[in-house]
Amino acid sequence: MPHEDQFTATGPSFTGAGFPRAGFSTHSTDTVYGVNAVGTFCGVYGESLAPGDESDRQAARDLIGVVGEGNTYGVFGRGRTLAGVVGFGRRGDSGGVFGVSMSSAPGVVGQSRIDFRFALPTGDSATDGGSAIGVLGESGSGTGVSGESSQGAGVSGNSTSGHGGEFSSDQAAQIHLAPSRLTASPPDTGQAGDLLAIQRGAFATLWFCVLPQADDRPAVWGKVHLDRPSVPSPTLEQGAQGQDVKNAQGLLAAHGHDPGPIDGIFGPQTDAATRSFQEEAGIVVDGQIGPQTWNALLNQF
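Residues numbered from 1 in each chain as written. Predicted model: local features only at pLDDT ≥ 70, side-chain atom pairs only at ≥ 80, totals over all residues. Heavy atoms only, no water.

1. So, the side chain of Thr270
Point 1. Tracing the sequence through the fold places Thr270 in helix H2 (residues 268-281).
Point 2. Relative accessible area serves as the criterion here: at 2%, Thr270 is assigned to the buried category.
Point 3. Within the structure, the side chain of Thr270 is placed 3.1 Å from the side chain of Gln249, a separation counted as a polar contact.
Point 4. Beyond its immediate chain neighbours, meaning those up to four positions away, Thr270 contacts Gln249, Leu252, Pro259 and Ile265. (Helix = DSSP H or I, 4+ residues; strand = E, 2+ residues; numbered from the N terminus. Buried < 20%, exposed > 50% of the residue type's maximum accessible area, 1.4 Å probe, protein only. Polar contact = N/O pair within 3.5 Å; in protein donor to acceptor, adjacent residues only side chain to side chain. Contact = heavy atoms within 4.5 Å.)

This is the structure:
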């Protein structure tokens, strides 16, 4: 189909010095921008077609910097040290990255194989001052935004004054936590504010990290209950065992009272640490960890 372009390549490919079989290719050692294009509606338009497919290039692409359409990937970016694709929205209610899925596939997929947070540029494209959406993913019946990471965050949202993340759904759950492979209790690691879903048979339990791990103790996790506050609450005393005891030991250690091995066993050393903490906190010294002691352990920092 003819187009009123300043440069048009048609017909079979030819052999040249650029990338093999490319409509346009540049590989100069001193080039600053591989492609620098400005257009009224679209700066760069790229389309990948399988043999026999027809282009729909005439479709409106209003005010978009880069458009890519393909049978597999519309736009694919691979960064050797930082991000494969970075998007900044600078005007109006635009988003940095906008993903729409017309099928059951994700609108935006992010994958990280290493743990990093790269420094965003400063100036008019920095995160401070923006009021629009960093990443917006919409899907008809699948996932709006999906993120996978081997070590770091699959999806990270940060806002200086608004919501770090916002999720909505008209007919399904706003957020789905795929249950962890853990089978008994939360891990020893965690950051304050972490949520963790653990699969137990046909049921799933939800845990909340109330205290991050440190060199001398593991993280403290509280099980989220639907009918009462989601913090450790059972009364514990010498002889008790289990995850709640382990949580209490971690909190005692965080307050500087050595409970001995943080192993979930309420022994004499944990009893002594409890009494020492109770005395310091100005509450009844009885060696039992009840509501008053739990409150002090969780709130008196």
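2. Section: empty space enclosed by the protein
Point 1. Counting across every chain of the model gives 1 cavity of 30 Å³ or more.
Point 2. In terms of residue count, helix H1 (residues 243-254) provides more of the lining of the largest cavity than any other element does, 3 residues in total.
Point 3. Broken down by class, the residue content of the lining of the largest cavity amounts to 5 nonpolar, 2 polar and 2 charged. (1 Å grid on protein atoms, 1.4 Å probe; cavity = no way out; pocket = protein on both sides within 12 Å on 5 of 7 lines; lining within 4 Å. Points joined across faces, edges and corners; volume = space filled by probe spheres on them. Nonpolar A, V, L, I, M, F, W, Y, C, P; charged D, E, K, R; others polar.)

3. Overview of the confidence of the model for the protein
Detailed reading of the predicted coordinates is not advisable wherever pLDDT is low.
Point 1. Considering every residue of the protein, the mean pLDDT works out to 75; 63% of them sit at 70 or more.
Point 2. Averaged over each element, pLDDT in the protein is lowest for strand E4 (residues 108-112) (65) and highest for H2 (97).
Point 3. Contacts from residues 123-127, a stretch scored under 50 in pLDDT, to residues over four places away or in other chains number 4 contacts. (pLDDT = per-residue confidence, 0-100.)

4. Topic: the pattern of salt bridges
Point 1. Within this structure, the stated rule accounts for 2 salt bridges.
Point 2. In this structure, Asp188 engages Lys246 in a salt bridge whose closest nitrogen and oxygen atoms are separated by 2.9 Å. Of this pair, Asp188 sits in the loop between strand E6 (145-149) and strand E7 (195-200) while Lys246 sits in helix H1, and the two are 58 residues apart along the sequence.
Point 3. In this structure Lys246 comes out as partly exposed when scored by relative accessible area, which is 22%.
Point 4. With a shortest N-O distance of 2.9 Å, Asp271 and Arg275 are connected by a salt bridge. Separated by 4 residues within a single helix, Asp271 and Arg275 lie in helix H2, roughly one turn from each other.
Point 5. The buried category is assigned to Asp271, whose relative accessible area is 13%. (Salt bridge = Lys/Arg side-chain N within 4 Å of Asp/Glu carboxyl O.)

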